[in-house]
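Below are the chains, spelled out letter by letter.
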Amino acid sequence: MARTPLTRAEVLEAAASLVKQHGPAALTMRKLAAELGTAVTSIYWHVGNRESLLDALVERTVQEMGAIRPAGRSPVERILSVARILRRELRERPHLIAMVHERGLTERMFLPAQQALVHEVRAAGLRGARAADAVRAVQFQIVGFLLVERNRERSPAQSPAESDLWAPPPGSAGETPTAAPDDPELARALARPADPERLFLLSVRALVHTLLADGATSPPSRGRAADGGR
């Protein structure tokens, strides 16, 4: 059966997949053509040369990162949903995000998320510089958490590991480590592996509650009333 004509969207999807898995260096026109089962000339016809292809991938990534759809019944829950979406999207495409950054388009890429956060902090009653500070604080928390998370994932194996440092010494019959002699529950918790997802939501939720507290006593605005006072 004859193959359906190749489309530009298919070329970009295959190229994005290669970059996601192996990084930009792995993306060659020959390898991409082999992945698609077509001739190299066909790839050039659809996307131009390799630099044009990389530019198209960056633009595609920026557009995909703009698909922010907050969910929840209150500004706090909707901000948390934006945070989860942004963290997930950034984690899923680190190589593509790096390409966006190298081309100086990071701020443009983050604009849709910022706009979603602006809407929610205004719905919570914040205005002006306080609203701007809240938006940036949430954005910095998301990106900063992700950087720490990636650093932990990429770091060499630690010896002793955190779990070893907080676990009871061998032969101590479950005694508390000397680092926390008066709080065995704390020591046991630190001896267990960290749960990044839970810690992320915990930190963002605490931050958002604190930031939005400034707007709790402000008179409801039209935008907040239209939001049902959520």
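For every chain, the first residue of the written sequence is number 1, and numbering continues from 1 along that sequence. Given that the model is predicted, a residue must reach a pLDDT of at least 70 before its local features are reported, and side-chain atom pairs must reach 80 or more before they are shown or counted; all residues, however, enter totals for whole chains, interfaces and linings. Note that water and hydrogens are dropped before the side-chain values are worked out from all heavy atoms of the structure.

## Side note on the overall build of the protein
Here is step 1 of the chain: Note on conventions: DSSP H or I runs of at least 4 residues are helices, E runs of at least 2 residues are strands, and numbering of each starts at the N terminus. Of regular secondary structure, the protein possesses 12 helices and 0 strands.
Here is step 2 of the chain: Reading the protein from its N terminus to its C terminus gives the helix and strand order α-α-α-α-α-α-α-α-α-α-α-α.
Here is step 3 of the chain: Residue contacts are defined here by distance: any two heavy atoms, one from each residue, within 4.5 Å place the two residues in contact. Taking as baseline every contact in the protein between residues at least 6 positions apart, the subset at least 24 positions apart corresponds to 70%.

## Observations regarding the packing of aromatic side chains
Here is step 1 of the chain: Here the aromatic set is Phe, Tyr and Trp, taking the six-membered ring for Trp, and pairing holds for ring centres within 6.5 Å; pairs whose planes are under 30 degrees apart are stacked, those over 60 apart are edge-to-face, and all others are tilted. Taken as a whole and assessed by the stated rule, the structure comprises 1 aromatic pair.
Here is step 2 of the chain: Look at NZ for Lys and CZ for Arg. If either is within 6 Å of the ring centre and within 35 degrees of the ring normal, a charge sits over the ring. We note R87 situated over the ring of F200; from NZ or CZ to the ring centre the distance is 5.0 Å.

## Description of the nonpolar core
Here is step 1 of the chain: L27, L32, I43, L53 and L57 are the most contacted members of the largest nonpolar core, which totals 54 residues.
Here is step 2 of the chain: Here this core gets 8 residues from one element, more than from any other, and that element is helix α5 (residues 75–92).
Here is step 3 of the chain: For L53, the residues in contact, after removing those within four places along its chain, are L12, A15, L27, M29, L32 and V47. Residues grouped as a nonpolar core are buried Ala, Val, Leu, Ile, Met, Phe, Trp, Tyr and Cys residues, joined through side-chain atoms within 4.5 Å. Remark: exposure states derive from per-residue accessible area (1.4 Å probe, protein chains only) relative to the maximum for the residue type, with buried under 20%, exposed over 50%, and partly exposed in between.

## Re the side chain of T61
Here is step 1 of the chain: Residue position: T61 is located in helix α4 (residues 50–64).
Here is step 2 of the chain: T61 sits in the buried class, given a relative accessible area of 2%.
Here is step 3 of the chain: Residues contacting T61, with those up to four places away along its chain left out, are R93, L96, I97 and V100.

## Considering the packing of helix α1 (residues 8–22) against helix α6 (residues 94–102)
Here is step 1 of the chain: Lines fitted to C-alpha atoms define the axes here, with helix axes fitted over just the stretch in contact, and angles between the N-to-C directions of these axes take values from 0 to 180 degrees. One way to put it is that α1 packs onto α6 with a least axis distance of 7 Å and a crossing angle of 100°. The pairing of α1 with α6 is recorded here as roughly perpendicular in orientation. Residues A16, V19, K20 and H22 of α1 pack against H95, L96 and M99 of α6. Orientation is classified from the angle alone, with under 35 degrees giving roughly parallel, over 145 giving roughly antiparallel, 65 to 115 giving roughly perpendicular, and any other angle giving oblique.

## Some points on the packing of α5 against helix α8 (residues 128–154)
Packed helix pairs are specified by the crossing angle of their axes together with the interaxial distance, meaning the distance between the axes.
Here is step 1 of the chain: The geometry of α5 relative to α8 is characterised by a closest axis approach of 10 Å and an angle of 40° between their N-to-C directions. Taken together, the axes of α5 and α8 lie oblique to each other. Of the two possible hands of crossing, α5 and α8 adopt the one that is right-handed. Residues I79, A83, L86, R87, L90 and R91 of α5 lie in contact with α8, whose contacting residues are V138, I142, F145, L146, E149, R150 and E153.
Here is step 2 of the chain: For the contact of α5 with α8, the per-class residue count stands at 8 nonpolar, no polar and 5 charged. Handedness of a crossing follows from how the near helix is turned relative to the far one, being left-handed for an anticlockwise turn of less than a right angle and right-handed for a clockwise one. Residues are grouped as follows: nonpolar covers Ala, Val, Leu, Ile, Met, Phe, Trp, Tyr, Cys and Pro; charged covers Asp, Glu, Lys and Arg; every other residue, Gly included, is treated as polar.

## Considering the pattern of salt bridges
Here is step 1 of the chain: Note on definitions: salt bridges are taken to be side-chain nitrogens of Lys or Arg within 4 Å of carboxyl oxygens of Asp or Glu. Throughout the structure, instances matching the rule amount to 14 salt bridges.
Here is step 2 of the chain: Two residues, E64 and R60, come together in a salt bridge whose shortest N-O distance is 3.2 Å. Remark: R60 and E64 occur in helix α4; sequence separation between them is 4 residues, near one turn of the helix.
Here is step 3 of the chain: A relative accessible area of 19% places R60 in the buried class.
Here is step 4 of the chain: Note that E64 is salt-bridged to R93, the shortest N-O span being 3.0 Å. Taken together, the positions of E64 in helix α4 and R93 in the loop between α5 and α6 put the pair 29 residues apart, joining distant regions of the chain.

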